[in-house]
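Listed below are the residues making up each chain.
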Amino acid sequence: MALKLRSQMPELQGASAWLNGEVTKDELVGNKPTLFHFWSISCGLCKEAMPNVNEFRDLYRDQLNVIAVHMPRSEKDLNLEEIKKVAEEHGITQPIFVDNEHKLTDAFENEYVPAYYVFDEEGQLRHFQAGGGGMKMLTKRVNRVLGIKE
């Protein structure tokens, strides 16, 4: 079961590594809304969705924090060099929390990749979705959190 709506953002602790810079919960909350996307190098749907996530990141650059969480699903997914390579191939320039021990995954009670969590600027969870489709719904929810009228 994923985090319940209105839950507070978990602390960003227990990373095996950070790629593209490290962030803390304190740097995110009170600043602007945050989108977390969980993905894995062995997940085809994640790779298909990546251009959409990157488009999102670039479109909302000034209004939204975007954090990637690499959630391994097998032994093969633990290879940091492979994670770096796939991240580069797919244009992931936002900070990546490498969660080889599933510490953040467990804090989010997340079971899925891809999965998306949208927190408002106060750090409250406003939207969760899992699976490959639904970018329109994610866009709607992010716009709502950002106060953008559609």
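Residues numbered from 1 in each chain as written. Predicted model: local features only at pLDDT ≥ 70, side-chain atom pairs only at ≥ 80, totals over all residues. Heavy atoms only, no water.

Trainee: Give me the lowdown on the nonpolar core, citing residues and values where you can.
Mentor: Residues Phe-36, Phe-38, Trp-39 and Tyr-117 are the most contacted members of the largest nonpolar core, which totals 47 residues. Among the secondary structure elements, those contributing two or more residues to this core are strand S1 (17-19), strand S2 (34-39), helix H2 (44-59), strand S3 (65-70), helix H3 (80-89), strand S4 (96-98), strand S5 (115-119) and helix H5 (135-146). If sequence neighbours within four positions are ignored, Phe-38 has contacts with Cys-46, Val-69, Met-71, Thr-105, Phe-108, Asn-110, Tyr-112, Val-113, Pro-114, Ala-115 and Tyr-117. (Core = buried A, V, L, I, M, F, W, Y, C linked by side-chain atoms within 4.5 Å. Buried < 20%, exposed > 50% of the residue type's maximum accessible area, 1.4 Å probe, protein only. Helix = DSSP H or I, 4+ residues; strand = E, 2+ residues; numbered from the N terminus. Contact = heavy atoms within 4.5 Å.)

Trainee: I'd like a description of the environment of Lys-85, backed by residues and values.
Mentor: Structurally, the position occupied by Lys-85 is in helix H3. In this structure Lys-85 comes out as partly exposed when scored by relative accessible area, which is 42%. A C-alpha to C-alpha distance of 26 Å links Lys-85 and Lys-25, two positions 60 residues apart in sequence.

Trainee: Explain the pairing of strand S6 (residues 125-130) to me, using residue names and the numbers behind them.
Mentor: Inspection of the sheet shows S5 paired to S6 by 5 bridges, in the antiparallel sense. Considered in S6, the bridge of Tyr-116 is made with Gln-129. Hairpin remark: S5 followed by S6, antiparallel, with 5 residues in the connecting loop; positive phi at Gly-123, about 85 degrees. (Pairing = 2+ DSSP bridges.)

Trainee: Kindly report on the sheet that holds S5, identifying the contributing residues and their values.
Mentor: Pairing within the open sheet is mixed, and its 6 strands lie in the order S1-S4-S3-S2-S5-S6. Because the sheet does not close on itself, it has two edges, and the strands there are S1 and S6. Ignoring which end each strand starts from, the neighbouring axes of this sheet average 20 degrees apart. Note that S2 and S5 share 5 bridges and pair antiparallel. By the bridge assignment for S5, Thr-34 is matched with Phe-119. Sheet strands touched by H2: S2, S3 and S5. Its angle to S2, the strand with the most contacts, is close to 165 degrees. On top of the sheet, H5 reaches S2, S5 and S6; it is set at about 170 degrees to S6, its chief contact. (Axes fitted to C-alpha atoms, helices over the stretch in contact; angles between N-to-C directions.)

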